[in-house]
Amino acid sequence: MSLKITKPLRTGSTIGILGAGQLGRMLSLAAARLGLKCHIYAPETDQPAYDVSSAHTIAAYEDEAALRAFASQVDVITTEFENVPASTLEFLENLCPVAPRAGAVAIAQDRLSEKNFFEQAGVRTPAFAAVEDLASLKSALEKLGIPAVLKTRRMGYDGKGQAKITEPQDAEAAWQAIGARSAILEAFVPFRTEVSIIAARSTIGQVVCYDVTENTHKDHILHRSIVPATAHPQTLEKAKQAAITLAHALDYVGTFAVEFFIQGEGENETLLANEMAPRVHNSGHWTLDGCSVSQFEQHIRAISGWPLAQPVRFGTIEMLNILGRDIEDLPRFAHEVGTSVHDYGKKDAIKGRKMGHITRVKPE
Ligand code: AMP
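The shown structure was predicted, so the numbers you read here are calculated from the model rather than taken from an experiment.

What counts, and at which threshold
Residues numbered from 1 in each chain as written. Predicted model: local features only at pLDDT ≥ 70, side-chain atom pairs only at ≥ 80, totals over all residues. Heavy atoms only, no water. Helix = DSSP H or I, 4+ residues; strand = E, 2+ residues; numbered from the N terminus. Rg over C-alpha atoms; globule rule 2.2 N^0.38 Å. Buried < 20%, exposed > 50% of the residue type's maximum accessible area, 1.4 Å probe, protein only. Contact = heavy atoms within 4.5 Å. Areas by Shrake-Rupley, 256 points an atom, 1.4 Å probe, with all protein chains shown as cover. Lys, Arg positive; Asp, Glu negative; His and termini not counted. Charge placed at Lys NZ, Arg CZ, Asp CG, Glu CD. Axes fitted to C-alpha atoms, helices over the stretch in contact; angles between N-to-C directions. Parallel < 35°, antiparallel > 145°, perpendicular 65-115°, else oblique. Core = buried A, V, L, I, M, F, W, Y, C linked by side-chain atoms within 4.5 Å.

Participant: How do you make sense of the overall build of the protein when you look at a structure like this?
Facilitator: Along its length, the protein carries ten helices and 17 strands. The C-alpha radius of gyration computed for the protein amounts to 20 Å, which stays within 12% of the reference 21 Å derived for 364 residues, consistent with globular compactness. Once the C-alpha set of the protein is aligned to its principal axes, its extents read approximately 60 × 50 × 40 Å. Residues classed as buried in the protein amount to 55% of the 364 residues present. Contacts in the protein between residues at least 24 apart in sequence constitute 63% of all its contacts with a sequence separation of at least 6. Counting only carbon and sulfur atoms, one obtains 51% of the accessible surface of the protein, whose full area is about 15800 Å². Across the protein, 37 positive and 43 negative side-chain charges occur, with their mean positions spaced 3 Å apart.

So this is what it looks like as C-alpha cells:
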C-alpha cells in the first residue's frame, strides 16, 4: 500500500530527492525558502545538488539497505531524475510517501506506454507504431511512411537513442544505430515550432499550469525558451487542457512537463504531444526569475501537501541554456538589466553539458 501525505509538511521536515543534478539543486534551494530541508540520494559523487542540501546518500538505486535508511530519515520522497528505476520507487512507496507515484513515472519512462497513454487520454500524438525487430520496423515504415523517426522505448533524452529514416534502405542502419532494442517508430512531423507546458498537481487534485513556452533546440539539446509562445490562443488552451487531462489521468502529484510539436499556422495549427517529463523541466527554468512561484517551489508545495499558487508572470521572458565551456562567459551577462544568471556549480565543463542558464525578463 502506498503511503500519502495527509497534512502540509512544516518547518524542519525533510524531502528526499532521488537524483543529484541541477534539477535537484534548484529543488533544494526552493525547499529551503519554505523552511524545508532536502536529503539527496544518488549513485554519483560530486553532484550539483549536494552543495545546497542538508544531507546526501551516495548509493545505488538498487541498494535496498541504503534505500531503507534513506526512507527512514525523510518525510516524503520525490525524483529529479526521470530514469530512476520504477522498481526503486515501488520499493520506497511501502516505506514513505512518494510523489509522483511509481506508476506515473513508469509510464513516462517508456515511450510506447507514454504514447498509448496519450492516445487513451484523447491527447493527439504523431502517428506511431511499436518496433521489436527489423521485420516489425519494415512493416511500421510501410504503415507510417517516410521520413520517420526511430526511438528507443527507454532511456532516450536530448535526441539520444534516435535515428531519422529518410530512405527505406536506411532501416537496418537505423535499427543498429539505436542498439537493436525495443523501439517506437514515429511519423516525422514537419513542425513549425516546439512548445512545452509546465504544470503541477497537488495532493488534493488542484492543477496549476504555467504559460506555454516556445522552445528552440540545437543539436537536440534545448537552447532557448521564450514566453509567451507565438501560437494561436486556441492551441495554447489545448496544450493546457492536455496537461490537466494527463495529470488527473495519472493521479499525478508534483510538477511535470508535456512537450508538443505545432504544425501549421493560426487557426489551422495542429498540436501533437511528443513526450512528458515526470519532473521539473529545463523549459520551465524561466519560472525561477520570471514568475511569482517557480516550477521548483510548485513541485515542493505539491509533494509537501501545500496549496499551489496560480503563478503571476513578470513580463516577456527569454531563457538561454549555457553549455560546456560557455559557462566561463557567464559574468558577461551579469551586468545586463533584467537578466538573472545561474551557474550549477558543475566541475567539468564537458562539451554539450548543461552548466547554467540565464533568464531575461522584460516587463510587459
Ligand atoms: P525527443 O527525445 O523525443 O524529445 O526528441 C528530441 C527532438 O527530436 C525533438 O525536440 C524534435 O526536435 C525532434 N523530434 C523527435 N521526434 C520527432 C518527430 N516525430 N518528428 C520530427 N522531429 C522529431
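Back to the text.
Participant: I keep staring at the packing of helix H3 (residues 86-93) against helix H4 (residues 102-109) and nothing clicks. Help me out?
Facilitator: Packed helix pairs are specified by the crossing angle of their axes together with the interaxial distance, meaning the distance between the axes. The geometry of H3 relative to H4 is characterised by a closest axis approach of 9 Å and an angle of 175 degrees between their N-to-C directions. With respect to H4, the element H3 is oriented roughly antiparallel. On the side of H3, the interface is formed by Ala86, Leu89, Glu90 and Glu93, while H4 contributes Ala102, Val105, Ala106 and Gln109.

Participant: Would you mind going over unusual backbone geometry with me for this structure?
Facilitator: If a residue is not glycine, its phi is most likely negative; likewise, a peptide bond is most likely trans. Geometrically, the link from Ile146 to Pro147 is a cis peptide bond, its omega value of 0 degrees lying close to zero. On the secondary structure map, Pro147 appears in the loop between helix H6 (134-144) and strand S6 (148-152). A cis amide bond links Val227 to the next residue, Pro228, at an omega of 0 degrees. Examined against the element boundaries, Pro228 turns out to sit in the loop between strand S12 (221-227) and helix H8 (233-249). Positive phi values are uncommon outside glycine, yet Asp46 reaches one of about 55 degrees.

Participant: What exactly am I supposed to notice about the nonpolar core here?
Facilitator: Nonpolar side chains tend to gather and get buried jointly when the protein is soluble and globular. Ile15, Leu18, Tyr41, Ile77 and Ile300 are the most contacted members of the largest nonpolar core, which totals 43 residues. In terms of residues, this core owes the most to one element, helix H1 (residues 22-33), which gives five residues. The contacts of Tyr41, once residues within four sequence positions are left out, are Ile17, Leu18, Gly19, Thr57, Ala59, Ala60, Tyr61, Asp63, Ala66, Leu67 and Phe70. Counting 26 residues, the second largest nonpolar core, distinct from the first, contains Val123, Val195, Phe256 and Met276.

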